[in-house]
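Listed below, chain by chain, are the residues.
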Amino acid sequence: MNLSITGSSGFVGTNFKNENLGYQIQDIDLLQIKPKEINFDNCDSLLHLAALVHQMKGAPEKEYYNVNSDLAFETAKYAKENGVKHFVFMSTVKVYGEFTDEAPWSENSTCQPLDPYGKSKLEGEQRIKELEDKNFIVSIIRTPLVYGAGVRANMHNLMRLISKYQFIPLGNINNKRSLTYVGNLVQLIDEVIKQRKSGVFLASDGEPVSTTKLVKEIASNFESRKRIINIPTIAQKTLKVVKPNIYQRLFGDLVVDNTLTCKTLDYKPKYSFKDGINEMVKAFLS
């Protein structure tokens, strides 16, 4: 199968190509070429990974829409006009909102994004979905936090912190967070492409984990013994008031239930949480 990939040099794209799944891959760099200039000859499916993700230092709101909605839509539009039969759009659970207070999010949960990243991704989903017909299938994959070899941003910073210090003050955090190992995400993408099924699909390793469990699993992979110490109650309360965003990232719940995705695709994640963390830390240390 001939597969074109936008954003193929990124974290997910690199891991996807490294699996050598048998595709004839065309790399598309949308920083260098406009959608209408792409050669879609012999392209069976297009995997759209190019995106402007959440920026810790911020980015103009307009830029999120330019990349995650306008550019994605234009790419899908020209792909359809040039005979591509299947478009896979990589999205995010940010389309649902920030944190799950009650029931887990599912494929059919109401979307109420709060930040420009989530809002622009949802708009991109909706516009691309309008292009769908019997000759142009649209598949949308929503992911929670993805981790694995080569991960950057918050997960990379967490590994750096754990590698640097013997005492890690991130104990007694009993929240629930759904994660997905990049190897499992690659497996899911492969199934979506091969089966060419329309709809929304959710990525997840399965059972959610707490921040403390995540920290302990990462720490167990370092040679020097790490001690996870509890956060004093007063420190928790202070953090909640002074840095509410950081507090939510550490203590908030974000849970998805992808039972429908697994049933629809007859899919079961290949790697366990422990396997994924082991591979991630091994790559970090090398």
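Look above for the structure.
Owing to the predicted nature of the structure, the values given are computational and were not obtained by experimental measurement.

**Notes on the overall build of the protein**
Helix and strand counts for the protein stand at ten helices and ten strands. For 286 residues, the compact-globule formula gives about 19 Å, and the C-alpha radius of gyration of the protein, at 19 Å, lands near that figure. Seen through its C-alpha atoms, the protein measures out along the principal axes to roughly 60 × 40 × 35 Å. Counting the 286 residues in the protein, one finds 47% classified as buried. Pairs at least 24 residues apart make up 80% of the contacts formed inside the protein by residues separated by at least 6 positions.

**Quick word on the packing of aromatic side chains**
What characterises a pair of aromatic rings is the spacing of the ring centres plus the angle enclosed by the ring planes. If you walk through the whole model with that rule in mind, you get eight aromatic pairs. Geometrically, the ring pair formed by Tyr147 and Tyr181 is tilted, given 5.6 Å between the ring centres and 40° between the ring planes. Of this pair, Tyr147 sits in strand β6 (residues 145-147) while Tyr181 sits in strand β8 (residues 179-181), and the two are 34 residues apart along the sequence. For Tyr181, a relative accessible area of 9% gives the class buried. Where Phe222 meets Phe284, the ring centres are 6.4 Å apart and the plane angle is 75°; that geometry is what we call edge-to-face.

**Comments concerning the sheet that holds strand β3 (residues 45-48)**
Read from one edge to the other, the open sheet built from six strands follows the order β2-β1-β3-β4-β5-β9, with strand pairing classed as parallel. On the outer flanks of this sheet lie β2 (24-28) and β9 (199-202), each paired with one strand and no other. Each strand axis lies, on average, 20° off the axis of its neighbour in the sheet, ignoring direction. Here strand β1 (residues 2-6) runs beside β2; their pairing, made up of five bridges, is parallel. Its bridge partner lying in β2, Asn2 is registered against Gln24.

**Details of the pattern of salt bridges**
Taken as a whole and judged by the stated rule, the model has eleven salt bridges. Taking the shortest distance from any N to any O, the salt bridge between Asp190 and Lys194 comes out at 3.2 Å. Of this pair, Asp190 and Lys194 are both found in helix α5 (residues 182-195), four residues apart, which corresponds to roughly one turn of the helix. For Asp190, a relative accessible area of 8% translates into the label buried. By sharing partners, the salt bridges in this structure join Lys94, Glu98 and Asp115 into a single network.

**Brief notes about the pairing of strand β5 (residues 137-143)**
The buried fraction of β5 is high, at seven of seven residues. Burial of the side chains of β5 extends over both faces: Ile137, Ser139, Ile141 and Thr143 are buried on one face and Val138, Ile140 and Arg142 on the other. Summarising the sheet, strand β4 (residues 86-92) and β5 pair through seven bridges and their orientation is parallel. Residue pairing in the sheet places Phe87 in a bridge with Val138 of β5. As a crossover connection, the stretch from β4 through helix α3 (residues 116-129) into β5 is right-handed. Here β5 runs beside β9; their pairing, made up of four bridges, is parallel. When the sheet's bridge partners are listed, Ile140 is paired in β9 with Val200.

Cut-offs applied
Residues numbered from 1 in each chain as written. Predicted model: local features only at pLDDT ≥ 70, side-chain atom pairs only at ≥ 80, totals over all residues. Heavy atoms only, no water. Helix = DSSP H or I, 4+ residues; strand = E, 2+ residues; numbered from the N terminus. Rg over C-alpha atoms; globule rule 2.2 N^0.38 Å. Buried < 20%, exposed > 50% of the residue type's maximum accessible area, 1.4 Å probe, protein only. Contact = heavy atoms within 4.5 Å. Phe/Tyr/Trp six-rings, centres within 6.5 Å; stacked < 30°, edge-to-face > 60°. Pairing = 2+ DSSP bridges. Axes fitted to C-alpha atoms, helices over the stretch in contact; angles between N-to-C directions. Salt bridge = Lys/Arg side-chain N within 4 Å of Asp/Glu carboxyl O. Right-handed = clockwise from strand over helix to strand, strands pointing away.

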